[in-house]
Amino acid sequence: MRMPGRWWRHKSTPEKVETYTRWSFHFFAVMEFFSVGLTSVAPLGARLGGAVMLVVAVHAALCFVTVSRSVDWTRGRRPQPTGLLWTLGAATAAIAAAALVLAEHGPHREEVDTAAGGVFGVILIFGPGIIALGVRSRRRAFGISGGFAAGTLVVALALGAPALTALFTALIVLIGGVFIAFTAVFSVWLLNSVYELDEARETRTRLAVAEERLRFGRDLHDVMGRNLAVIALKSELAVQLAQRGRPEAVSQMVEVQRLAQESQREVREVVRGYRKADLGAELAGAQGVLEAAGIACTIGGSPAAGLPPAVQSALGWVVREAATNVLRHGDARRCTVRLRVLEGLVVLSVENDGVREAGAESGSGPAGSGLAGLRERLSVIDGTLEAGPVGRGLFRLTAEIPLPSQSTPYGAVPAAAPQRPVSEVTS
């Protein structure tokens, strides 16, 4: 069984605001009929009162339909109801003029004057206000109420009403019409704003999903790039050793198996979003991989231990990406990694020779995704990354990360710090 209120609860916030706006102006049409349509029967008699009630009912029905069409047009679901707006305007003017004629030249009774005045006032206030729903320009919406007020003044004077009475009546029509028109304009603005905010929220959600996909792709590139390069290198070495009948081929394939299993584990950690690169482990791993590829790797500078976790993680990714680039690009024979902790600043530099094409960003990949991803990582902690040739056949990658104020006790060291064994760096 369908529970009461489920229809309303299942609507989104913009749909609720639209429903509220639509039925608020529908209520104006209903209120028009019950306030002056039904109440006109008693003072005007069955015949004249019935005719007035029928005319007011037609006008209320026009208002009801105009509200629906105008709100749909505001949301872009149907064309602007221009013909319906002109029809409602003409009906409003005709009914108001007929009410004035009835008040001035009809049966001279107080009840008749009261009923005719009520029909005149309500019709001329609600009509222009509902027409304003279907008008795009705010000035034109308020101008419609002004036009009906001016018409009231002219018709009242033409029917012989005193100037002061005609002016006072036109002022009441103007104030009431402008108020309803302002309500219509504000309601349309509010409705459109709610829909725009909802669309902005959906856009923000889609951007968050896209950003997470980029993060995943970047992490996957950083994780798998070096491992696949090493696997390819060791597999090639194992093939050569196997062709020569050397038993070392088995150990190389065991290492390939270990790297494949480690890659699986790291990919799972990337998927879970828990992976953090350890700087000490990355330095040791980079040295081992490069030396296995026949590249002399020297690591020196300050110890990695003691740096903030965020700084270690970011620099760990830099080391991993730099080692991958040295393996994949150029014909390097030598690579130097230096970590320095200066006054409030951590500087990591990776320099290698064997650059094939001077001026190219070695290791940036076909689209520069590697270095671009590193710059994004470092920018989160206000770090910078520079990469480019520094001499004939040399390429240098330098990452700088400012340390928090509480990290300054690490101590400043000279720029040309003596090189230390890798065991000290990774301790």
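Look a little higher up for the structure.
Conventions used here
- Residues numbered from 1 in each chain as written.
- Predicted model: local features only at pLDDT ≥ 70, side-chain atom pairs only at ≥ 80, totals over all residues.
- Heavy atoms only, no water.
- 1 Å grid on protein atoms, 1.4 Å probe; cavity = no way out; pocket = protein on both sides within 12 Å on 5 of 7 lines; lining within 4 Å.
- Points joined across faces, edges and corners; volume = space filled by probe spheres on them.
- Helix = DSSP H or I, 4+ residues; strand = E, 2+ residues; numbered from the N terminus.
- Nonpolar A, V, L, I, M, F, W, Y, C, P; charged D, E, K, R; others polar.
- Salt bridge = Lys/Arg side-chain N within 4 Å of Asp/Glu carboxyl O.
- Buried < 20%, exposed > 50% of the residue type's maximum accessible area, 1.4 Å probe, protein only.
- Expected span 1.5 Å × (residues − 1).
- Pairing = 2+ DSSP bridges.
- Axes fitted to C-alpha atoms, helices over the stretch in contact; angles between N-to-C directions.
- Parallel < 35°, antiparallel > 145°, perpendicular 65-115°, else oblique.
- Contact = heavy atoms within 4.5 Å.

A.B. asks: Looking at this structure, how should I read empty space enclosed by the protein?
C.D. replies: Take a probe with the size of a water molecule and roll it over the atoms, and the empty space left behind shows itself. This model, assessed by the stated rule, comprises 3 cavities of 30 Å³ or more. Size it by volume and the second largest cavity reaches roughly 40 Å³. In terms of lining, the second largest cavity is formed by Ala 286, Leu 290, Val 319, Ala 322, Ala 323, Cys 335, Val 337 and Val 350. Looking at the lining of the second largest cavity, the elements with two or more residues in it are α9 (279-292), α10 (309-328) and β2 (334-342). Broken down by element, the residue count for the lining of the second largest cavity peaks at 3 residues, all from α10. Across the lining of the second largest cavity, the residue classes tally to 8 nonpolar, no polar and no charged.

A.B. asks: Can you help me understand the pattern of salt bridges in this one?
C.D. replies: A side chain with one charge can pair with a side chain of the opposite charge if their charged atoms come near. Counting across every chain of the model gives 11 salt bridges. Here Arg 22 makes a salt bridge to Asp 72, at a shortest N to O gap of 3.0 Å. One end of the pair, Arg 22, is in helix α2 (residues 13-37); the other, Asp 72, is in helix α3 (residues 41-74), and 50 residues separate them in sequence. There is no split in this pair, since Arg 22 and Asp 72 are both buried. Linked through salt bridges whose partners overlap, the residues forming this network are Glu 18, Arg 22, Asp 72, Arg 77 and Arg 78.

A.B. asks: Mind showing me how you'd approach α9 here?
C.D. replies: Because an α-helix packs 3.6 residues into every turn, residues spaced three or four apart end up facing the same way. Relative to the 20 Å expected for 14 residues at 1.5 Å per residue, α9 spans 20 Å between its end C-alpha atoms, a close match to the ideal helical length. Taken together, the buried positions of α9 are Leu 279, Gly 280, Glu 282, Leu 283, Ala 286, Gln 287, Val 289 and Leu 290. Immediately beyond the C-terminal end of α9, within one or two residues, lies Gly 294, with a positive phi of roughly 85°.

A.B. asks: How should the pairing of strand β5 (residues 394-402) be read in this particular structure?
C.D. replies: Every regular strand shows the same layout, with side chains that alternate between the two sheet faces. The sheet contact formed by strand β3 (residues 345-352) and β5 spans 8 bridges and is antiparallel. From the neighbouring strand, Val 346 faces β5, where its bridge partner is Ile 401. Judged from the 7 bridges that link them, strand β4 (residues 384-391) and β5 form a sheet pairing that is antiparallel. Bridging from a neighbouring strand, Leu 385 pairs with Ala 399 of β5. Connecting β4 to the antiparallel partner β5 that follows it, the hairpin turn spans 2 residues, and Gly 393 within it adopts a positive phi of roughly 75°.

A.B. asks: Mind showing me how you'd approach the packing of α9 against α10 here?
C.D. replies: Two numbers describe a pair of packed helices, the interaxial angle and the distance between the axes. Axis separation between α9 and α10 bottoms out at 8 Å; the angle between their running directions is 10°. In terms of axis orientation, α9 runs roughly parallel to α10. Of α10, the residues touching α9 (which contributes Leu 279, Gly 280, Glu 282, Leu 283, Ala 286, Val 289 and Leu 290) are Gln 312, Leu 315, Gly 316, Val 319, Arg 320, Ala 323, Val 326 and Leu 327. Each residue belonging to the contact of α9 with α10 can be placed in one class, and the counts come to 10 nonpolar, 3 polar and 2 charged.

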